[in-house]
Every structure is written in structure tokens, then in C-alpha cells.
Amino acid sequence: GTVTSTLNASASLQSNGTQTIVAGNGGILVSGGTGSFNSAAIRNTSAAGTQSISLIGGEFRIAGGSGTMGDFAQVSGSAAQQVNFAGAGTLSVFGGSTGNQASLTQTGTAFAQSITLGISGTMTLTGNAGGALVSASGDQAIVVQGTGANQLTIGSATDSAGAHIA
């Protein structure tokens, strides 16, 4: 599935309770747009329910946009948040141009965030000029499990805004 903003618009998939998203091998793309203030987001705005995102494989890409400002891409949960890959897959948090951050965040201090990558799983944070962030206000666990070419990459030689796990 894709959550992509277009010119002069924002796109979001939002819940005020439990939210479950399941994707096959095609993956999920959350991408900011071009221009200004064309954000894209998957959000759970309530502490009343868990946000769970599960993929069979493919790529879960959170990418900041290429416009002048406000073209951020965000996946956020106010309560517990889980991202799970059942098979081989890639989690990419890819910052866009200046001011266009890409983030995977959990904001409730009493809740946890877990990210689990399966067989040959990879997680890549590339800040570029917009910055890339994976953070949790509560506990956070990142698990890379199984056999194969598992990989965790934080930052690149060309990042000017940084890539962070906090």
C-alpha cells in the first residue's frame, strides 16, 4: 500500500484507537511530496489502542519529500507500536530535502515500541538533508533475527541532517 502526498495536499491513515495494518510482499510506502506542506503519515493518536504494522516481506519505506518545507513522512503511535516482518524485508527511514524529516516514533511514555526484522532483514536510516529518526518515549526494542544477510545501517557519508535511533 502507499500513503503519498500530492501537490498542496497531505495524506494520512489515522486511528483514534487500535490500528492494524497488514501488507504482503509489496510493502508499504509513506512518502512526503514536493512543493510545501505535503506530508504523509500513518498515525495512532490515542493511548487507548496499539498500532501494529505487519509485513510478509518487501520494503516499508518512510521517505521525506523533496519540496521546500513541510513535506515530512511520519509513522507515529501514542500507545504501544509494533512493526514486524514475518519474512525477508527492509525497513527504510529516508530523510528528504532540508526540513523534510522521515520518522518512526512512539510518543507515549508508558508504552513501548518494538521493531522486529525477520530472515535476511535489513533496517536502514539515511538522514540526507531532512534527517531520519526512529524514537520512542517509552521502551524500545529493535530485533534483527533469523539467518541470512541481516543488516542495520545508520547514516551515510552524505548525510547532512543525521540519522538517529533514540
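Calculation rules
Residues numbered from 1 in each chain as written. Predicted model: local features only at pLDDT ≥ 70, side-chain atom pairs only at ≥ 80, totals over all residues. Heavy atoms only, no water. Helix = DSSP H or I, 4+ residues; strand = E, 2+ residues; numbered from the N terminus. Rg over C-alpha atoms; globule rule 2.2 N^0.38 Å. Buried < 20%, exposed > 50% of the residue type's maximum accessible area, 1.4 Å probe, protein only. Contact = heavy atoms within 4.5 Å. Phe/Tyr/Trp six-rings, centres within 6.5 Å; stacked < 30°, edge-to-face > 60°. Lys NZ or Arg CZ within 6 Å of the ring centre and 35° of its normal. Pairing = 2+ DSSP bridges. Axes fitted to C-alpha atoms, helices over the stretch in contact; angles between N-to-C directions. Core = buried A, V, L, I, M, F, W, Y, C linked by side-chain atoms within 4.5 Å.

### Concerning the overall build of the protein chain
Part 1 of the reasoning: Each helix and strand in the protein chain was counted, giving 0 helices and 17 strands.
Part 2 of the reasoning: By the compact-globule yardstick of 15 Å for 166 residues, the protein chain fits well, its C-alpha radius of gyration being 15 Å.
Part 3 of the reasoning: A principal-axis box enclosing the C-alpha atoms of the protein chain has dimensions of 40 × 40 × 30 Å.
Part 4 of the reasoning: Relative to its full complement of 166 residues, the protein chain shows a buried share of 49%.
Part 5 of the reasoning: For the protein chain, the share of sequence-separated contacts (at least 6 apart) that also reach a separation of at least 24 residues comes to 85%.

### Some points on the packing of aromatic side chains
Part 1 of the reasoning: Overall, the coordinates contain 0 aromatic pairs when judged by the stated rule.
Part 2 of the reasoning: In this structure, arginine 61 packs its charged tip against the face of phenylalanine 94, placed 4.4 Å from the ring centre.

### Looking at the environment of alanine 161
Part 1 of the reasoning: By secondary structure assignment, the location of alanine 161 is in the loop between strand E16 (151–154) and strand E17 (163–165).
Part 2 of the reasoning: We classify alanine 161 as partly exposed; its relative accessible area is 34%.
Part 3 of the reasoning: Alanine 161 sits 88 residues away from alanine 73 along the chain, and the two C-alpha atoms are 15 Å apart.
Part 4 of the reasoning: Ignoring any residue separated from it by four or fewer positions in sequence, one finds alanine 161 in contact with Asn128, Ala129, Gly130 and Gly131.

### Some thoughts on the sheet that holds strand E12 (residues 113–117)
Part 1 of the reasoning: Pairing in this open sheet of 5 strands is parallel, and the strands run E3-E6-E9-E12-E15 from one edge to the other. Each edge of the open sheet carries a strand with a single partner, namely strand E3 (19–23) and strand E15 (140–144). Strand after strand, the sheet turns through a mean of 5° between neighbouring axes, direction not considered.
Part 2 of the reasoning: Examined bridge by bridge, E3 and strand E6 (residues 51–55) share 5 bridges and lie parallel to one another. In the strand pairing of E6, valine 22 is matched with serine 54.

### Re the nonpolar core
Part 1 of the reasoning: If you look at the biggest cluster of nonpolar residues, it comprises 25 residues, and the most contacted ones within it are Ile28, Ile53 and Phe60.
Part 2 of the reasoning: Aside from chain neighbours lying at most four places away, what touches isoleucine 53 is Ile21, Ile28, Ile42, Phe60, Val75, Gln82, Val83 and Asn84.

### Concerning the environment of glycine 131
Part 1 of the reasoning: Locating glycine 131 in the fold gives a position in the loop between strand E13 (122–126) and strand E14 (132–136).
Part 2 of the reasoning: Note on glycine 131: relative accessible area 4%, which makes it buried.
Part 3 of the reasoning: Sequence separation between glycine 131 and glutamine 19 is 112 residues, and the spatial gap between their C-alpha atoms is 26 Å.

### Considering the sheet that holds E14
Part 1 of the reasoning: Strand order in this open sheet of 6 strands is E2-E5-E8-E11-E14-E17, and the pairing throughout is parallel. Unpaired on one side and paired on the other, strand E2 (11–15) and E17 mark the two borders of the sheet. Strand-to-strand twist in this sheet, taken as the mean axis angle between neighbours without regard to direction, amounts to 5°.

### Here's the deal with the pairing of E13
Part 1 of the reasoning: In terms of burial, E13 is a largely internal element, 4 of the 5 residues being buried.
Part 2 of the reasoning: The pairing of strand E10 (residues 89–94) with E13 spans 5 bridges and is classified as parallel. Among the inter-strand pairings, phenylalanine 94 is bridged to a residue of E13, identified as threonine 126.
Part 3 of the reasoning: Relative to E16, E13 runs parallel, the two sharing 4 bridges.

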